[in-house]
Amino acid sequence: PFAGYLLPVQYPTGVITEHMAVREKCGLFDVSHMGEVIFEGPDALKNLNKIVTNDYTKMEAGRVRYGLMCYEDGGCVDDLLVYKLRDDKYFVVVNAGNRVKDVEWIKAHLEGDVKFTDISDTIAQLALQGPKAPEILKKVTSELPEKYYSFIADREVAGVKGAIISRTGYTGSEGYEIYVAAEDGAKLWQALLEAGKEYGLIPCGLGARDTLRLEASMPLYGHEMNETITPFEAGLGFGVKMAKSDFIGRAALEKAGEPKRERIGLEVTGRGIVREHQDIFIGDRKIGHTTSGTHCPFVGKPLAMALVEKGALPLDAVAEVDVRGRRVAVKCVSMPFYKKG
């Protein structure tokens, strides 16, 4: 069970096979549990810019842009993707586990002439991820979005009409995310699996989704960011535009100044695998904790992301992680751990 849905952790193929398929061929994820909301009306942009940290003022229709919502104290409500449909209409994708909280937060901060709608229950979202994704998708639709973080709307995919196809994903591999009416989700899923059979396409579950995003050093809410971690501490400053007009949390972030903590990458050099929420030490001094960790199949190493005191562990410096009372050696390495191509 997850966010009101029953979701597969893995299919009979197993997490490692699914992970490798996305890196080398292609994998298909049902991510219909994600939340989708609409901002619409003359003040849609004004509200987005107030509630979300990024600046959407000069964004072109057909583009996708990352952002975060902050509490007044600078901690993170959630991270999200904004799709600009037109000047007065934006389609926003939020994390499944935060959907109810996010909707309440947004509603409490709306002002002016804007219509806000939670359409999550009416949308199915499928993620086709891997180097063979373009070839597979070309078999079932006439056009693909060309640029990374762009989309095309109101398309027909495998006989399913009204789809949004975006060149986005949460795996670090080439890929697309496709949004259709909920009742068309199963039909599209079957059509894509059939179209991808000759390319080695297989279904993938939550397990591979997590190992892939960690290998690509992509943050996850509840791990690399939460209500006590600011976007700057999480290494997500690119999604925060301090120069724009006021947004919720801006004053606190400005007052805090340079972050005292930072997100870093760790490679396990000792024996074992480190997981999330394990303390990191240099000698007897605790410098922070891991936020996510596992064995990453494609790069073939146990890796982790961590939140530590800023500057405490520069690149190639060594430390130890307390794994259930046993110290495991690690060293600081650059991120992302995996980069496409």
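Cut-offs applied
Residues numbered from 1 in each chain as written. Predicted model: local features only at pLDDT ≥ 70, side-chain atom pairs only at ≥ 80, totals over all residues. Heavy atoms only, no water. 1 Å grid on protein atoms, 1.4 Å probe; cavity = no way out; pocket = protein on both sides within 12 Å on 5 of 7 lines; lining within 4 Å. Points joined across faces, edges and corners; volume = space filled by probe spheres on them. Helix = DSSP H or I, 4+ residues; strand = E, 2+ residues; numbered from the N terminus. Buried < 20%, exposed > 50% of the residue type's maximum accessible area, 1.4 Å probe, protein only. Arc of directions from axis to C-beta. Contact = heavy atoms within 4.5 Å. Nonpolar A, V, L, I, M, F, W, Y, C, P; charged D, E, K, R; others polar. Patch = residues over 30% accessible without salt bridge, like charges linked within 9 Å, V, L, I, M, F, W, Y side chains within 5 Å. Areas by Shrake-Rupley, 256 points an atom, 1.4 Å probe, with all protein chains shown as cover. Salt bridge = Lys/Arg side-chain N within 4 Å of Asp/Glu carboxyl O. Lys, Arg positive; Asp, Glu negative; His and termini not counted. Charge placed at Lys NZ, Arg CZ, Asp CG, Glu CD. Pairing = 2+ DSSP bridges. Axes fitted to C-alpha atoms, helices over the stretch in contact; angles between N-to-C directions.

S.K.: Would you mind showing me how to read empty space enclosed by the protein here?
M.R.: Picture a little ball the size of a water molecule; that probe, rolled over the atoms, points out where space is still empty. In this structure the tally under the stated criterion is 1 cavity of 30 Å³ or more. If you add up the space inside the largest cavity, you get close to 70 Å³. Leu-7, Pro-8, Tyr-11, Phe-29, Asp-30, Val-31, His-33, Cys-204, Gly-205, Leu-206 and Arg-209 are the residues that line the largest cavity. Sorting the residues of the lining of the largest cavity by element identifies strand S1 (27-30) and helix H6 (206-215) as the ones contributing at least two each.

S.K.: Hey, could you run me through helix H3 (residues 99-109) in this one?
M.R.: Note on helix geometry: an α-helix contains 3.6 residues per turn, so any two residues three or four positions apart are oriented the same way. Along H3, the positions that sit buried rather than exposed are Arg-99, Asp-102, Val-103, Trp-105, Ile-106 and His-109. Along H3, the residues classed as buried sweep out an arc of 165 degrees about the axis, all on the same side. Opposite the packed face of H3, turned more than 90 degrees from it, sit the exposed residues Val-100, Glu-104, Lys-107 and Ala-108. Residues of H3 that are buried make contact with strand S2 (35-40), helix H2 (44-51), strand S3 (64-70), strand S4 (76-86), strand S5 (89-94) and strand S6 (115-118).

S.K.: What am I meant to see in the layout of surface pockets here?
M.R.: Here the largest pocket is characterised by a volume of approximately 1,300 Å³. Taken together, 48 residues form the lining of the largest pocket, with Asp-79, Gly-169, Tyr-170, Met-218 and Pro-219 sitting closest to its centre. Of all the elements in the fold, those that place two or more residues in the lining of the largest pocket are S3, S4, S5, strand S7 (123-129), strand S10 (175-181) and H6. If one sorts the elements of the lining of the largest pocket by residue count, H6 sits on top with 4 residues. For the lining of the largest pocket, the per-class residue count stands at 23 nonpolar, 14 polar and 11 charged.

S.K.: Sorry if this is basic, but what is going on with a positive patch on the surface here?
M.R.: Together, Arg-271, Arg-275, Arg-324 and Arg-326 make up a region of like positive charge exposed at the surface. Mapped onto the secondary structure, Arg-275 falls in the loop between strand S12 (261-268) and strand S13 (279-282). Look at Arg-275 and you get partly exposed, because its relative accessible area is 38%.

S.K.: Help me understand the sheet that holds strand S11 (residues 202-204) in this model?
M.R.: Note: strands within a sheet are paired through backbone hydrogen bonds, in either parallel or antiparallel orientation. With mixed pairing, the 6 strands of this open sheet are ordered in space as S8-S9-S10-S7-S1-S11. Two strands close off the open sheet at either side, each with one partner strand: strand S8 (151-157) and S11. Adjacent strand axes in the sheet meet at a mean angle of 30 degrees when their direction is disregarded. Bridge count for S8 against strand S9 (residues 160-166) is 4 bridges, and the pairing is antiparallel. Bridge pairing in S9 places Ile-152 opposite Ile-165. Helix H1 (residues 15-24) contacts S1, S7 and S11 of the sheet and is inclined by roughly 115 degrees relative to S11.

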